[in-house]
Amino acid sequence: NEETLNQLITEENFTLEYLEQAYGINVDVVDSFYRYGKCTYDCGNYQEVIFIMYYYRLLVGENTDYSFNALWGKLAAEILMLQT
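On a predicted model such as this, the values are computed, not experimentally measured, just so you know.

Colleague: Describe the packing of aromatic side chains, and please don't skip the residues or the numbers.
Modeller: Tallied over the full model, the rule gives 7 aromatic pairs. For the pair Tyr41 and Tyr46, a centre-to-centre distance of 5.4 Å together with 65° between the ring planes defines the contact as edge-to-face. Ring-pair connections join several aromatic residues into one group, and the members of that group are Phe14, Phe51, Tyr54 and Tyr55.

As structure tokens, this is what we get:
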């Protein structure tokens, strides 16, 4: 839910450590979130891809296997959103 998400960010609790302790969300779940975003991109739902990839990168930082791909996926989705 967006309200909870904003609260986590405001309180600086939007971290893997906190999410795992509070909600049981681990690295595997976050990687699944990335794969869901990739699938969403392939289906053409670019607005949702922008949201997913933004929060994925915010959560995992820039030094993960998928982070660079997420950045490019977000950029591509933004470009494709301009064309529609």
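Resuming the write-up.
Colleague: Would you mind going over the nonpolar core in detail, with residue names and values included?
Modeller: Counting 16 residues, the largest nonpolar core has Phe14 and Tyr56 as the members making the most contacts within it. Those elements that place two or more of their residues in this core are α1 (2-10), α3 (27-42), α4 (46-60) and α5 (67-83). For this core, the element with the most residues is α4, which contributes 8 residues. The residues touching Tyr56, leaving out its near neighbours within four places in the chain, are Val30, Asp31, Phe33, Tyr34, Thr64, Tyr66, Ser67 and Ala70.

Colleague: Describe α3, with residues and values.
Modeller: The terminal C-alpha atoms of α3 lie 23 Å apart, and with 16 residues this matches the ideal 22 Å at 1.5 Å per residue to within 8%. Looking only at α3, the buried set comprises Val30, Asp31, Tyr34, Gly37 and Thr40. Next to the buried residues of α3 lie α2 (16-23), α4 and α5. Where α3 begins, one side-chain oxygen reaches toward the backbone nitrogen of Asp28, 3.1 Å away; that side chain belongs to Asn26. Downstream of α3 by a residue or two, Gly44 has a phi angle that is positive, lying close to 90°.

Thresholds, definitions, all that
- Residues numbered from 1 in each chain as written.
- Predicted model: local features only at pLDDT ≥ 70, side-chain atom pairs only at ≥ 80, totals over all residues.
- Heavy atoms only, no water.
- Phe/Tyr/Trp six-rings, centres within 6.5 Å; stacked < 30°, edge-to-face > 60°.
- Core = buried A, V, L, I, M, F, W, Y, C linked by side-chain atoms within 4.5 Å.
- Buried < 20%, exposed > 50% of the residue type's maximum accessible area, 1.4 Å probe, protein only.
- Helix = DSSP H or I, 4+ residues; strand = E, 2+ residues; numbered from the N terminus.
- Contact = heavy atoms within 4.5 Å.
- Expected span 1.5 Å × (residues − 1).
- Polar contact = N/O pair within 3.5 Å; in protein donor to acceptor, adjacent residues only side chain to side chain.

Keep in mind that these numbers describe shape and distance, not what the molecule does.
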